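# Commentary on secondary and tertiary structure
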Amino acid sequence: MKFEFEEFETIEDVLIYLVSVAPYMKQILPISSYKGYVFSMVPITPLSGETLLMIYTKGNLEHGMYEFDISVKKHKLVNVMERADKNYFIVITPKRDTIADVALSQISSTQ
């Protein structure tokens, strides 16, 4: 498996990127908070899954659902999806993620 990386300054920048590449009408997107990074992995080669693009920034988000308002670049933890004009992210915090571990080790080795 190969990894490509796109690093952002803030969590909001990562969320903006993910909203912009999400399929039309996709309101709920998964994102990971793991080992001091907030990220999502997007297959660059969808059929084979051989190359993944890791969109990331340093930081942490609490496990749960976040509402994101792209017009003001703000996110907040919520209990339910309330608005069709907002995007929502489900933040998962895995105990162990071997794919992320490999990608994170590559990031660490290049810094």
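Residues numbered from 1 in each chain as written. Predicted model: local features only at pLDDT ≥ 70, side-chain atom pairs only at ≥ 80, totals over all residues. Heavy atoms only, no water.

### Focus: the environment of Ser48
- In this structure, Ser48 sits in the loop between strand E3 (37–43) and strand E4 (51–58).
- Judged by its relative accessible area of 52%, Ser48 is exposed.
- With 47 residues separating them along the chain, Ser48 and Met1 place their C-alpha atoms 9.9 Å apart. (Helix = DSSP H or I, 4+ residues; strand = E, 2+ residues; numbered from the N terminus. Buried < 20%, exposed > 50% of the residue type's maximum accessible area, 1.4 Å probe, protein only.)

### As for the packing of aromatic side chains
- Counted according to the given criterion, the structure contains 5 aromatic pairs.
- An angle of 25° between the planes, with centres 6.3 Å apart, marks the rings of Phe3 and Phe5 as stacked.
- Since its relative accessible area comes to 8%, Phe3 is described here as buried.
- Plain terms: the ring middles of Phe5 and Tyr56 are 6.4 Å apart, the flat faces sit at 90° to each other, and that makes the pair edge-to-face. One end of the pair, Phe5, is in strand E1 (residues 2–7); the other, Tyr56, is in strand E4, and 51 residues separate them in sequence.
- Residue class for Tyr56 comes out buried when judged on its relative accessible area of 4%. (Phe/Tyr/Trp six-rings, centres within 6.5 Å; stacked < 30°, edge-to-face > 60°.)

### What about the pattern of salt bridges?
- For the structure on display, the rule yields 6 salt bridges.
- Salt-bridge contacts for Glu50 lead to Lys2; the nearest nitrogen and oxygen are separated by 3.3 Å. Of the two residues, Glu50 sits in the loop between E3 and E4 while Lys2 sits in strand E1, which places them 48 residues apart along the sequence.
- Glu50 gets classed as partly exposed once you look at its relative accessible area, which sits at 39%. (Salt bridge = Lys/Arg side-chain N within 4 Å of Asp/Glu carboxyl O.)

### Regarding the nonpolar core
- Counting 18 residues, the largest nonpolar core has Leu18, Ile31, Ile55 and Phe89 as its most contacted members.
- Those elements that place two or more of their residues in this core are helix H1 (11–21), strand E2 (28–34), E4, strand E5 (64–69) and strand E7 (87–92).
- When residues of this core are assigned to their parent elements, the largest contribution, 6 residues, is made by H1.
- The contact partners of Leu18, leaving out residues within four places of it in the chain, are Leu29, Ile31, Ser40, Val42, Ile55 and Phe89.
- Among the nonpolar cores identified, the runner-up in size contains 11 residues, and Tyr34, Leu52, Ala100 and Ala103 belong to it. (Core = buried A, V, L, I, M, F, W, Y, C linked by side-chain atoms within 4.5 Å. Contact = heavy atoms within 4.5 Å.)

### Remarks on unusual backbone geometry
- A positive phi angle is found at Lys35, which is not glycine, with a value near 50°.
- The backbone of Lys73 shows a phi angle near 55°, a positive value even though the residue is not glycine.
- For Lys73, the location among the structural elements is in the loop between E5 and strand E6 (74–78).
- Among the residues examined, Lys73 registers a relative accessible area of 44% and is labelled partly exposed.

### Quick word on helix H2 (residues 98–110)
- Between the first and last C-alpha of H2 there are 19 Å, a value that for 13 residues agrees with the 18 Å anticipated at 1.5 Å per step.
- When we look at burial in H2, the residues that qualify are Ala100, Ala103, Leu104 and Ile107. When H2 is viewed along its axis, its buried side chains cluster within an angular range of 100° and face the same direction.
- The elements touched by buried residues of H2 are E1, E2, E3 and E4.
- With a side-chain oxygen lying 3.3 Å from the backbone nitrogen of Ile99, the N-terminal cap of H2 falls on Asp97. (Expected span 1.5 Å × (residues − 1). Arc of directions from axis to C-beta. Polar contact = N/O pair within 3.5 Å; in protein donor to acceptor, adjacent residues only side chain to side chain.)

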